[in-house]
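Notes for the structure review
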Amino acid sequence: MVRAHAHALPDTQLPAYVHDIDGLARHAADVSTASAEGASGAAPRVELYYAAKANPAPEILRALAPHVHGIEVASGGELAHVRGAAPGVPIAFGGPGKTDGELDAVVATGVHRLHVESEHELRRAAAFARAHGRAVDVLLRANPPVDVPGGPAAVPLAMGGRPSPFGMDPDALDRCARVAADEPRLRLLGIHAHLASGLDAAALGLLAEHLLDWAVGWAARNRLDLRELNVGGGMAVDYHRPEHRFDWRAYGKALAATAARPNAPVLRIEPGRALTAYHGWYVTDILDVKHSRGETFAVVRGGTHHLRTPAARGHSQPLAVLPRDGWPHPWPRPGVRDEPVTFVGQLCTPKDVLAAHVPVPGEVRVGDRVAFAMAGAYAWNISHRDFLMHPPPTFHYPTADGTHLEQAGRRT
Ligand SMILES: *Cc1c(COP(=O)(O)O)cnc(C)c1O
């Protein structure tokens, strides 16, 4: 479906982001089912939130909304945006460095959960709660003395388990528990811990178990009723092996076992990339094919100013070449056959590499199209889009039933 759409796009629409909205919704439904594994009765023991920063496009949020319990946001901008795009979905507000304006808005308009990052922040939240005469439901973000399986060095992005600007050490958490005990408008419901990104199901399952052990002990020492434990996101997405997916079923089973312990709190997870990465493609065409000192370069329309993911993470973005027939010029069509090709963009920097030394089967020619896969998360929204002032991409959200959610014109 996406391939057909990528073929059918007129040249004037390139580069284009194409999202498989049906596939995304099916995937979210599967993840939701897997993470509800072992649930009994009305109240879920494991709740699924989506971390909006992975891809906050309104079409994406609306596709996910029926399958998640809520959405996690990390700024006032995301808060306003998500409320507009997916009204009524419960929101958890987190992120470091919250401004007074953000805390004021959070308290005044009411969010489902506020994830607090420091004692200073908690005291400021309390002040806004008093000023507005409203209660706030709080989780304390922890950087607990819990081992990230494999050690922090073993994961691509470690947010905790070592010195970190995110979350709080246990002594700060203890002080926060005392602040909350003295302020009836702060309802301290539990702990939030997002420690790493890039872990597989077995490691994350183990991490959830260790986090619960630690959180139960911490709550007992502080005479708190631990009602909730948010164990974060970070489910691995393997850009080197696109077919190697996070095992949601195994993770769901592990979470269910942990959540089934006596007096276990509600567990919450908040994946970002593992929900949306696989259902977005960046589609463009090849403007030139060049040889330099034994290597072949395909220069595509667009580049890492639209799809920064490979530059940010240092990988080759998986891709498929979509051959296009027809050559309007009297001179030979530049191209190669069965040779490794490095795909670069239009930026005047050697860093503008989308994929290096890719062994593409068959031909790679000027005018062929290229669909870069796994471009549904941390892609357009993390890109330095104005660098060199090339036109922005167009956005397409085709669905099988023909409700073609096309973004008219170019989104800037
Ligand atoms: C970014 C982030 C997530 C999502 O991380 P992924 O690696 O995309 O799953 C979840 N929780 C918090 C607090 C985050 O900052």
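What counts and what doesn't
Residues numbered from 1 in each chain as written. Predicted model: local features only at pLDDT ≥ 70, side-chain atom pairs only at ≥ 80, totals over all residues. Heavy atoms only, no water. Phe/Tyr/Trp six-rings, centres within 6.5 Å; stacked < 30°, edge-to-face > 60°. Buried < 20%, exposed > 50% of the residue type's maximum accessible area, 1.4 Å probe, protein only. Lys NZ or Arg CZ within 6 Å of the ring centre and 35° of its normal. Pairing = 2+ DSSP bridges. Helix = DSSP H or I, 4+ residues; strand = E, 2+ residues; numbered from the N terminus. Axes fitted to C-alpha atoms, helices over the stretch in contact; angles between N-to-C directions. Contact = heavy atoms within 4.5 Å. Near = heavy atom within 4 Å. Polar contact = N/O pair within 3.5 Å; in protein donor to acceptor, adjacent residues only side chain to side chain. Salt bridge = Lys/Arg side-chain N within 4 Å of Asp/Glu carboxyl O. Domains from an automatic or database assignment. Buried area = accessible area lost by both parts, 1.4 Å probe. Nonpolar A, V, L, I, M, F, W, Y, C, P; charged D, E, K, R; others polar. 1 Å grid on protein atoms, 1.4 Å probe; cavity = no way out; pocket = protein on both sides within 12 Å on 5 of 7 lines; lining within 4 Å. Points joined across faces, edges and corners; volume = space filled by probe spheres on them. Parallel < 35°, antiparallel > 145°, perpendicular 65-115°, else oblique.

Next up on the list: the packing of aromatic side chains. Per the stated rule, a full pass over the model turns up nine aromatic pairs. Between the aromatic rings of Phe 246 and Tyr 251, the centroid separation amounts to 5.5 Å while the plane-to-plane angle is 75 degrees, which identifies the pairing as edge-to-face. No difference in accessibility class separates Phe 246 from Tyr 251, as the two residues are buried. Directly above the aromatic system of Tyr 278 lies the positively charged group of Arg 245, at a separation of 3.6 Å from the ring centroid.

This brings us to the sheet that holds strand β4 (residues 91–93). Sheet strands pair by backbone hydrogen bonding; their relative direction is either parallel or antiparallel. One closed barrel accounts for eight strands, arranged β2-β3-β4-β5-β6-β8-β10-β11; its pairing is parallel. Adjacent strand axes in the sheet meet at a mean angle of 30 degrees, parallel and antiparallel pairs treated alike. Sheet analysis places strand β2 (residues 46–51) next to strand β3 (residues 70–73), joined by three bridges and oriented parallel. When the bridges of β3 are listed, Ala 51 appears paired with Glu 72. Packed on one face of the sheet, helix α7 (residues 170–181) meets β6 (136–141) and β8 (186–192) and runs near 155 degrees to β8.

Once that is clear, we can look at the site of the ligand. The ligand sits among 14 residues. The nearest are Lys 53, Ser 197, Gly 234, Glu 270 and Tyr 378. At 2.6 Å from an oxygen atom of the ligand is found a side-chain nitrogen or oxygen belonging to Ser 197. In this structure, an oxygen atom belonging to the ligand sits 2.8 Å away from a main-chain N or O atom of Gly 234.

For the rest of this paragraph, the subject is the side chain of Arg 113. Note on placement: Arg 113 falls in strand β5 (residues 113–116). Since its relative accessible area comes to 9%, Arg 113 is described here as buried. In this structure the side chain of Arg 113 is engaged in a polar contact, spanning 2.5 Å, whose partner is the side chain of Glu 228. For Arg 113, the residues in contact, after removing those within four places along its chain, are Ile 91, Ala 92, Phe 93, Asp 137, Leu 139, Leu 189, Glu 228 and Arg 268.

Side chains that carry opposite charge are capable of pairing whenever their charged atoms lie near each other. Applying the stated criterion across every chain yields a total of 22 salt bridges. Of the charged contacts in the structure, one is a salt bridge between Glu 47 and Arg 268, with a shortest N-O distance of 3.0 Å. Here Glu 47, found in strand β2, pairs with Arg 268, found in strand β11 (residues 266–269); they are 221 residues apart in sequence, far enough to count as distant. This pair shows no difference in class: Glu 47 is buried, exactly as Arg 268 is. Across the pair Asp 100 and Arg 124 runs a salt bridge, and its minimum N-O distance is 3.0 Å. Highlighted residues: Asp 100 in helix α5 (residues 100–109) and Arg 124 in helix α6 (residues 119–132), separated in sequence by 24 residues.

Often, the extent of an interface is quoted as the loss of accessible area upon association of its parts. Annotation of the protein chain at the domain level lists domain 1 (36–271) and domain 2 (279–396). On a C-alpha basis, the centroid separation for the pair domain 1 and domain 2 is 37 Å. If you look at the interface, domain 1 gives 10 residues, while domain 2 gives 11 residues. For the pair domain 1 and domain 2, the summed buried area comes to about 940 Å², and 61% of that belongs to carbon and sulfur atoms. Across the domain 1-domain 2 interface, the total number found is zero salt bridges. In this structure, the connection of domain 1 to domain 2 is made through three residue pairs in polar contact (both at pLDDT 80 or more). The class makeup of the residues in the side of domain 1 that touches domain 2 is six nonpolar, two polar and two charged.

What follows deals with the layout of surface pockets. Any space left empty among the atoms is revealed by the rolling of a water-sized probe across them. Volume-wise, the second largest pocket comes out at about 220 Å³. Around the second largest pocket sit 15 residues that line it, and Asp 11, Asp 285, Gly 326, Val 366 and Gly 367 are the ones nearest its centre. With three residues, the single largest contributor to the lining of the second largest pocket is strand β12 (residues 280–292). For the lining of the second largest pocket, the per-class residue count stands at five nonpolar, three polar and seven charged.

Where α6 contacts α7, the two axes come as close as 9 Å, and the packing angle between them is 10 degrees. By the angle class used here, α6 and α7 are roughly parallel. For the pair α6 and α7, the contacting residues are Glu 119, Leu 122 and Arg 123 in the first and Arg 175, Cys 176, Val 179 and Ala 180 in the second. The residue makeup of the contact of α6 with α7, split by class, is four nonpolar, no polar and three charged.

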